[in-house]
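# Observations on the three-dimensional arrangement
Listed below are the residues making up each chain.
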Amino acid sequence: MKIENIFTPEFERQLNFSVQTALRYGGGILSPVKPTRLPAGGTEVTGMRDYSTGDDPKRIDWGICARHDELWVRVYGGTAQRRVYLLLDTSYGMAFRPKKFTAARRAAAVLAAGLLTSGALLEFGTFTPDFTLFPVLCHAQKMGKFLRFLEGMKLSDEPNLVDFGFLAEAFLAMKREPGEVYVLSDFFGESDSFERDFAEGFEKLTASGFSCRAIHLTDPVDRAENFVGDVDIYDASRDYRQVITLTERDLAAYQRLYDDYIASVGAFFERRGISYTQVSAGETEGGVFFQALGLPAGAATANPWKEYI
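In this section: the pattern of salt bridges. Counted under the stated rule, the structure contains 13 salt bridges. When the shortest N-O distance is used, the salt bridge between K100 and D186 registers 3.3 Å. One end of the pair, K100, is in helix α4 (residues 98–117); the other, D186, is in the loop between β6 (180–185) and α7 (194–207), and 86 residues separate them in sequence. Given a relative accessible area of 2%, K100 falls into the buried group. Accessibility expressed as a relative area gives 4% for D186, which makes it buried. One network of salt bridges, in which partners are shared, links R82, E180 and R213.

Spelled out as structure tokens, the structure:
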């Protein structure tokens with residue numbers, strides 16, 4: 001499949017604008033969990049105290065000692081560095097629809113840019129039936145290389161089904177430090193039940209101390225608007241094709257089932273207290289960025305400080 005070139009000056013400009021807007025709004029879906037305080041050490045000077053036997057001489061502040069004629073040492077503290085894992089669904093069901101996968105890559109790009117700008121250590125992973133984590137990204141200046149990586153990403157070229165419970169186990173087996181896990185997927189799996197295909201994986205991650213965030217890729221075409229008459233149905237994940245005749249009644253029944261499924265996804269994350277946002281493949285580039293960051297539609301033009309002016 002030909003991969004669309006997404007690395008353009010306009011793309012980068014819009015991406016940076018979206019990230020800065022998110023920061024003005026408090027981060028959107030990127031808002032960090034409560035920082036973990038380091039029990040000792042760190043790099044922040046949090047105070048001074050009298051020297052005690054056994055203190056590291058390197059911590060003595062000789063300037064203060066000269067003024068007070070007694071030994072004082074610096075007290076250090078700090079917080080653990082934020083660790084984030086961004087997992088992108090690259091299964092055949094996603095790659096089969098170029099427009100949806102383009103939106104997914106744009107969403108992954110703006111999430112990575114926002115997280116790196118916030119100072120997080122980021123590991124990026126893709127999931128198909130196999131699971132892979134790629135090297136750590138640690139600075140926003142690496143975004144150019146990351147975008148090129150997204151352009152040349154290897155996709156699954158065989159029909160396959162996603163088992164997120166298995167993928168969660170594969171991730172946990174890598175013994176990564178607890179942190180935030182961002183999952184970007186259309187959340188379609190082997191069955192017609194989100195609870196069976198994905199819920200178990202999220203529950204395993206949260207039970208292991210990871211804070212999950214969900215970015216849900218949707219596509220208006222999936223709802224089959226105006227698909228009345230003879231329709232060629234192709235299930236990419238199962239490599240199954242059938243021509244059927246849809247009546248208006250059939251289409252209405254399907255759309256109710258589709259809407260119920262999408263609602264069940266959002267309801268699961270709400271019950272579990274997991275941050276959740278939807279990204280539509282039918283949106284413009286800028287619209288995808290804002291949706292992926294969990295920002296309101298008017299964020300680009302609104303002034304978040306106007307109530308204080």
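A packed helix pair is summarised by two numbers, namely the angle formed by the two axes and the spacing between the axes. Where α7 meets helix α8 (residues 248–272), the axes come as close as 11 Å, and the angle between the chain directions of the two elements is 25°. If you check the angle between α7 and α8, you find them roughly parallel. Crossing hand, α7 versus α8: right-handed. Along the contact surface, α7 presents F194, E195, A199, F202 and E203, while α8 presents Y261, S264, V265, F268, F269, R271 and R272.

With the rule as written, the count across this model stands at 27 aromatic pairs. For the pair F17 and F290, a centre-to-centre distance of 6.3 Å together with 35° between the ring planes defines the contact as tilted. Linking F17 in helix α1 (residues 9–24) with F290 in helix α9 (residues 285–292), this pair joins segments that are 273 residues apart in sequence. Looking at F290, the relative accessible area reads 7%, which means it is buried. Three or more aromatic residues joined by ring pairs form one cluster here, namely F127, F164, F187, F194, F198, F202, F268, F269 and Y276.

Attention shifts here to α8. Because each turn of an α-helix spans 3.6 residues, side chains separated by three or four positions in sequence point in the same direction. If you check α8, its first and last C-alpha atoms are 36 Å apart, about what 25 residues at 1.5 Å a residue would give, namely 36 Å. Residues of α8 that are buried in the fold lie against α7, β7 (211–218) and β10 (275–280). The positive-phi residue at the C-terminal boundary of α8 is G273, with phi of around 70°.

With that out of the way, let us pick up the nonpolar core. Formed by 44 residues in total, the largest nonpolar core has its most connected members in L15, L111 and L184. Broken down by secondary-structure element, the contributors of at least two residues to this core are α1, β3 (83–89), α4, β4 (121–127), α5 (143–151), β6, β7 and α9. Broken down by element, the residue count for this core peaks at twelve residues, all from α4. Membership of the second largest hydrophobic core comes to 28 residues, among which are L133, L167, F198 and A199.

Reading guide: rules and limits
- Residues numbered from 1 in each chain as written.
- Predicted model: local features only at pLDDT ≥ 70, side-chain atom pairs only at ≥ 80, totals over all residues.
- Heavy atoms only, no water.
- Salt bridge = Lys/Arg side-chain N within 4 Å of Asp/Glu carboxyl O.
- Helix = DSSP H or I, 4+ residues; strand = E, 2+ residues; numbered from the N terminus.
- Buried < 20%, exposed > 50% of the residue type's maximum accessible area, 1.4 Å probe, protein only.
- Axes fitted to C-alpha atoms, helices over the stretch in contact; angles between N-to-C directions.
- Parallel < 35°, antiparallel > 145°, perpendicular 65-115°, else oblique.
- Left-handed = near helix turned anticlockwise from the far one by under 90°.
- Contact = heavy atoms within 4.5 Å.
- Phe/Tyr/Trp six-rings, centres within 6.5 Å; stacked < 30°, edge-to-face > 60°.
- Expected span 1.5 Å × (residues − 1).
- Core = buried A, V, L, I, M, F, W, Y, C linked by side-chain atoms within 4.5 Å.

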